[in-house]
Amino acid sequence: WPGSHRLLATLAASDPTRFQLMHTLGQALEEAGVLEIEPVEVKAQRGDVLFYDVLTAHSGSENHVAGSPRLAFNMKWGISPEQQLALAAVCRRPI
């Protein structure tokens, strides 16, 4: 959902106490307006690398090639999601 990170950051900043946990924010996609955005499918190929903001709403599909499971390596750099929400609240604008 392109741009969803901005909507979610704005919602999180509007009530930092309520949205202290990413799980709570993830349950508020409709409230944030994310579901009004047309999702974009990204079909990664072997060796591709995907980068996206930690607040970007995303989902996955089956990860199989010719009946064999594909492995993924998930890494996060930078400040934690909780720190990012706190920063957005202090700045009073989405990051």
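Residues numbered from 1 in each chain as written. Predicted model: local features only at pLDDT ≥ 70, side-chain atom pairs only at ≥ 80, totals over all residues. Heavy atoms only, no water.

With respect to the overall build of the chain
Check the secondary structure of the chain and you find 4 helices and 2 strands. Listed by position from the N terminus, the elements making up the chain come as α-α-α-β-β-α. Put simply, the chain has 95 residues, and 22% of those count as buried. Pairs at least 24 apart in sequence give 69% of the contacts found in the chain among residues at least 6 apart. Accessible surface, the chain as shown: approximately 7400 Å² in total, 54% of it carbon and sulfur. (Helix = DSSP H or I, 4+ residues; strand = E, 2+ residues; numbered from the N terminus. Buried < 20%, exposed > 50% of the residue type's maximum accessible area, 1.4 Å probe, protein only. Contact = heavy atoms within 4.5 Å. Areas by Shrake-Rupley, 256 points an atom, 1.4 Å probe, with all protein chains shown as cover.)

A closer look at the pattern of salt bridges
Inspection of the entire model under this criterion finds 1 salt bridge. Here Arg18 and Glu31 are joined by a salt bridge, their closest N and O atoms 2.7 Å apart. Of this pair, Arg18 sits in the loop between α1 (4–14) and α2 (22–26) while Glu31 sits in helix α3 (residues 29–32), and the two are 13 residues apart along the sequence. Arg18 gets classed as partly exposed once you look at its relative accessible area, which sits at 39%. With a relative accessible area of 46%, Glu31 lands in the partly exposed category. (Salt bridge = Lys/Arg side-chain N within 4 Å of Asp/Glu carboxyl O.)

A word on the confidence of the model for the chain
Looking at the chain as a whole, the pLDDT averages 82, with 87% of positions reaching at least 70. The weakest mean pLDDT in the chain belongs to strand β1 (residues 64–65) at 66; the strongest belongs to α3 at 95. (pLDDT = per-residue confidence, 0-100.)

So, the environment of Asp15
Relative to the helices and strands, Asp15 resides in the loop between α1 and α2. Along the chain, Asp15 and Ala89 lie 74 residues apart, while their C-alpha atoms are 8.2 Å from each other.

Digging into the nonpolar core
Residues Leu8, Ala9, Leu11, Ala12, Phe19, Leu25, Ala28, Ala32, Val34, Leu55, Ala57 and Leu85 constitute the largest nonpolar core, which totals 12 residues. Looking at this core, the element that brings in the most residues is α1, giving 4 residues. If sequence neighbours within four positions are ignored, Leu25 has contacts with Leu8, Leu11, Ala12, Phe19, Leu55 and Leu85. (Core = buried A, V, L, I, M, F, W, Y, C linked by side-chain atoms within 4.5 Å.)

What about the side chain of Ser4?
One can find Ser4 in helix α1. Leaving out residues up to four positions away in the same chain, Ser4 has contacts with Val34, Ile37, Leu55, Thr56 and Ala57.

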